[in-house]
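Inside the fold
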Amino acid sequence: IGGNDILGPTTSTEFETDLRRLLVAAEQCAAATVMFELPLPPFGNSFGRVQRQLAQQFGVALIPKRHIAGVLAAPGTTIDGLHLSPHGHELVMALLWRVIIPIP
């Protein structure tokens, strides 16, 4: 669930159903759940609204999209301008650790 849903034929209602199903499953087996806020295309605000509402409802930490945008904008972090390279994956992992275990 993510960018491919927003860029494809998935409606925001279908996205909400699928994300809710995923969060219910995660709630059963995870101590905590973290999501990246999705970058939204023009007229995609309904997807962002759904993501924020469900994050709040399920107590999910939502990492603001500016953080992932910073990774995507860094040199050598993608293989095609969108999909992460190995270096991009390393930066996302470091970002997650900073969110999960903040340095005092």
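Note: the structure precedes this text.
How each quantity is defined
- Residues numbered from 1 in each chain as written.
- Predicted model: local features only at pLDDT ≥ 70, side-chain atom pairs only at ≥ 80, totals over all residues.
- Heavy atoms only, no water.
- Helix = DSSP H or I, 4+ residues; strand = E, 2+ residues; numbered from the N terminus.
- Buried < 20%, exposed > 50% of the residue type's maximum accessible area, 1.4 Å probe, protein only.
- Phe/Tyr/Trp six-rings, centres within 6.5 Å; stacked < 30°, edge-to-face > 60°.
- 1 Å grid on protein atoms, 1.4 Å probe; cavity = no way out; pocket = protein on both sides within 12 Å on 5 of 7 lines; lining within 4 Å.
- Points joined across faces, edges and corners; volume = space filled by probe spheres on them.
- Nonpolar A, V, L, I, M, F, W, Y, C, P; charged D, E, K, R; others polar.
- Expected span 1.5 Å × (residues − 1).
- Arc of directions from axis to C-beta.
- Contact = heavy atoms within 4.5 Å.
- Salt bridge = Lys/Arg side-chain N within 4 Å of Asp/Glu carboxyl O.

**Structural notes on the environment of Val-24**
Positionally, Val-24 belongs in helix H2 (residues 12-29). Val-24 gets classed as partly exposed once you look at its relative accessible area, which sits at 38%. Between the alpha carbons of Val-24 and Phe-58 there is a distance of 8.2 Å; along the sequence they are 34 residues apart.

**Description of the packing of aromatic side chains**
Each aromatic ring pair is specified by the distance between its two centres and by the angle formed by the two planes. The final tally for this structure, using the stated rule, is one aromatic pair. For the pair Phe-15 and Phe-47, a centre-to-centre distance of 5.3 Å together with 70° between the ring planes defines the contact as edge-to-face. Here Phe-47 lies in helix H3 (residues 45-58) and Phe-15 lies in helix H2, a separation of 32 residues in the sequence. For the pair Phe-15 and Phe-47, one class covers both residues: buried.

**Examining the layout of surface pockets**
If a probe the size of a water molecule is rolled over the atoms, the empty space left behind becomes visible. Roughly 680 Å³ of internal volume is contained in the largest pocket. Along the walls of the largest pocket sit 28 residues, with Gly-2, Gly-3, Leu-38, Pro-39 and Leu-82 positioned nearest its centre. Of all the secondary-structure elements, those providing two or more residues to the lining of the largest pocket are helix H1 (3-7), H2, strand E1 (34-36) and helix H4 (65-73). For the lining of the largest pocket, a count of residues per class yields 20 nonpolar, six polar and two charged.

**Points about helix H5 (residues 86-100)**
An α-helix turns once per 3.6 residues; consequently, residues spaced three or four apart project the same way. Here H5 contains 15 residues, and its C-alpha end-to-end distance of 21 Å stays within 8% of the 21 Å for a straight helix at 1.5 Å per residue. Along H5, the residues that are buried comprise Gly-88, Val-92 and Leu-95. One side of H5 carries all its buried residues, which in axial view fall inside an arc of 60°. Residues of H5 that are buried sit in contact with E1 and H4.

**What about the pattern of salt bridges?**
Applying the stated criterion across every chain yields a total of three salt bridges. The partner of Asp-18 in a salt bridge is Arg-21, and the shortest N-O contact between them spans 3.4 Å. You can see Asp-18 and its partner Arg-21 sitting in helix H2, three residues apart, about one turn around the helix.

Everything listed is a geometric property; what it means functionally is a separate question.
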